[in-house]
Amino acid sequence: MSPVQTIDGLETDGISGQDVIVVGAGPAGLMLAANLVRFGIKTTILDDRADKTSTGRADGLQPKSIETLKQMRLADPLLQRGVRIHDICFWSSSKETALRRTERAEHFPALVDLLDPYILLVHQGMVEDVFLQDLQARGVEVTRSSPFVKYDNHGSGLPLNVFSRSTTSEKERLWQTKYLVGCDGAHSKVRKAIPEIEAQGSSSEAIWGVLDGVIDTDFPDLWSKVVVYSEEAGNVLCIPRERNMTRLYIELRPESDEPMDKATATQDFVMARARQIMAPYKLVWESVEWFGIYQIGQRVANCFTDETGRVFIAGDASHTHSPKAAQGMNTSMHDSLNLAWKLNLAVRGLAKQSLLETYEQERRKIAQDLINFDYEHANAFHEGDAKALARNFLTNVRFISGVGVEYGSNVLNWPSKITGGAKPGCLLPPARLTRYINANPVDAQLDIPMLGQFRTYFVCKDIRQSRDFMDFVCARILCPDSVCGRASAELEVSYSEQDAAITESDSFVQPHRYVAASRLSTFCVITSSPKEDFEIVDLPHVLQASKWTIYLDNVPEQDTRGQHCIDKWIGKLEDNETALLIVRPDGYVGAVKPWSCDAEGSIGASLWLDEYFGGFLAC
């Protein structure tokens, strides 16, 4: 960071001080900052709070979020400490019938192909903490007690002026940056500072209480996720938590036609309502760690970026909904993941405006999909219709898990006719491969860490028949007259001037293994050929440099569906064909196409790669 200077009487970090300023140190802001810092982007995080989250708030990580944290090599502390939920139970009572269990089901049924088929229950502060520790190891701390005030945009080519105010000294500070991202919650000051943006939607009159604590109870399903409906008293959602705690979401249904008064919703009142709903089972709180009251609001911002494409909003700043489907923290973090790698390329001068525009195209659609699901889910919950609730959940279970979050066609996601599951705009299905260099079985979609780079796979049945194709395409990949070649050269210079700090964890991850050939993409091979059919030294130079990402498709018995990876991802592939599969830095498939291994196919594949990357790279 450059030395502090003074401009117009305010402290500033100087024109070259920051590439990105992130406002908000919740899960969305920290996911964004952690990735940017790992990419070597100069990042400042401003937060109005004096300290990190210590209790309460968001509580569940969906399967896709678990996979993302695994790719970032940050999942282990959470997996060790969290509670895993595999089932969901429904209970109900009426004026005529006592409270009884009406249904028990798998939370994520087998129809969803998941590597981690459960929700991991951990409170928000634990998620924040893994990011904060990673940032600290890389020399970055959150600037706390410093709420965002406003920003000024003086035009293209000039830095944004971002103002914060210290809540301890009351002094304002000026920060100068290329990009600004508001991850500052439902009442986002960044969103309100952008003239053309507003949150659109409505709030329900329904009021809910939420309690985290240790409960002494004879209720038999305390350690499952449970929906409890009382016709007379309302609903409870029961969720197991870490450290022997349980979270209860309690509907505070008014006893008259008048709306519920929040002032009467004390902790004792909420506890009494929970006991009423769950009678005749006893509920005694041995301790309470967190208590809160909230109303359901379902809103989506009409835009996620300002008209200049330099100021963005993400997470709750751009969309809000009920917390009962465990979507808020997950969706927010994936907003940030989508934006982070695009900002990395933009800061380094390689992104066309069309790349940054895909952030709003993709994530606003997902936010609207979430609101539509949440509206139905919240209504079914309120009505106490267990069958409707279960039906709605089953219909949307792929979306809820995160693996069914899909993007439409755009400059990054090219339509494809393949029959396998590696479809553009979608995440890769889980698959198993054997890493050639050390014979280790690995999860194909997780083995390569997230470093801000694409992944380009050469997929073939018979590597001997694909050799000439690989030789030709690989020779073109890094040529100065190809888009990939020019982008790789420019990124090599950019990273040599501005790279991430090396940490102790990097000595275990060994990131250079995955960008040895290019900082634009990790190049990979997946083949059905047995190991004795080829040596790494026989492959093109680009693939020799990528020796840690050469894989054998020979362990279908370890797959979640008992399939070969090639069959699962690509579908039908002839022995004389090689498929090229491009995976974006955030794990979504960008483009995939099988090619004949003759001269015509080799030339077509090379032009296809150039056309794909040329659609959004400025080089």
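In the nomenclature of an unreviewed UniProt entry, the protein chain corresponds to FAD binding domain protein from the organism Aureobasidium pullulans. In the Sequence similarities (unreviewed entry) part of its UniProt record, the protein chain is described as follows: "Belongs to the PheA/TfdB FAD monooxygenase family."

Draft legend 1. Structural context of the packing of aromatic side chains. What the rule picks out here adds up to 19 aromatic pairs. With centroids separated by 6.2 Å and ring planes inclined at 50°, the aromatic side chains of F304 and Y359 adopt a geometry described as tilted. Taken together, the residues span a long stretch of sequence, with F304 in the loop between β17 (283-301) and β18 (311-313) and Y359 in helix α8 (residues 353-383) at a distance of 55 residues. Among the aromatic residues, those joined into a ring-pair cluster are W341, W414, F454, W595, W608, Y612, F613 and F616. Seen from the ring of F163, K150 lies directly overhead, with NZ or CZ sitting 5.0 Å from the centre. Above the ring of Y495, the side-chain terminus of R519 is found at 3.7 Å from the ring centroid.

Draft legend 2. Region of interest: the pairing of strand β14 (residues 225-230). With six of six residues buried, β14 lies mostly within the body of the structure. Alternating positions in β14 separate into two faces, K225, V227 and Y229 on one and V226, V228 and S230 on the other, with burial throughout. Where strand β7 (residues 87-93) meets β14, six bridges bridge the pair, whose relative direction is parallel. Note that in β14 the partner of S92 across the bridge is Y229. Judged from the five bridges that link them, β14 and strand β15 (residues 234-240) form a sheet pairing that is antiparallel.

Draft legend 3. Region of interest: empty space enclosed by the protein. Going through the model one piece at a time under the given rule, you end up with seven cavities of 30 Å³ or more. Taken together, 15 residues form the lining of the largest cavity, with N330, T331, H334, G402 and V405 sitting closest to its centre. Looking at the lining of the largest cavity, the elements with two or more residues in it are α2 (63-71), α7 (328-347), α8 and α10 (397-401).

Draft legend 4. Up close: the side chain of T503. Within the element layout of this structure, T503 appears in the loop between α12 (483-497) and α13 (506-509). A polar contact is formed between the side chain of T503 and the side chain of S505, at a distance of 2.8 Å. Residues in contact with T503, not counting those within four places in the same chain, are A137 and R138.

Draft legend 5. Structural detail: the pattern of salt bridges. Applying the stated rule across the entire model yields 35 salt bridges. Between R49 and E128 there is a salt bridge; the shortest N-O distance is 3.8 Å. Of this pair, R49 sits in the loop between β4 (43-46) and β5 (60-61) while E128 is found in helix α4 (residues 124-137), placing the two residues 79 residues apart along the sequence. Residue class for R49 comes out buried when judged on its relative accessible area of 17%. Of the charged contacts, one joins R138 and D134 as a salt bridge, the two residues approaching to 3.2 Å between their closest N and O atoms. Note on R138: relative accessible area 10%, which makes it buried. Salt bridges linked by common partners bring R38, D134, R138 and D506 together as one network.

The rules behind each value
- Residues numbered from 1 in each chain as written.
- Predicted model: local features only at pLDDT ≥ 70, side-chain atom pairs only at ≥ 80, totals over all residues.
- Heavy atoms only, no water.
- UniProt positions renumbered as here; feature names shortened; annotations may be inferred.
- Phe/Tyr/Trp six-rings, centres within 6.5 Å; stacked < 30°, edge-to-face > 60°.
- Helix = DSSP H or I, 4+ residues; strand = E, 2+ residues; numbered from the N terminus.
- Lys NZ or Arg CZ within 6 Å of the ring centre and 35° of its normal.
- Buried < 20%, exposed > 50% of the residue type's maximum accessible area, 1.4 Å probe, protein only.
- Pairing = 2+ DSSP bridges.
- 1 Å grid on protein atoms, 1.4 Å probe; cavity = no way out; pocket = protein on both sides within 12 Å on 5 of 7 lines; lining within 4 Å.
- Points joined across faces, edges and corners; volume = space filled by probe spheres on them.
- Polar contact = N/O pair within 3.5 Å; in protein donor to acceptor, adjacent residues only side chain to side chain.
- Contact = heavy atoms within 4.5 Å.
- Salt bridge = Lys/Arg side-chain N within 4 Å of Asp/Glu carboxyl O.

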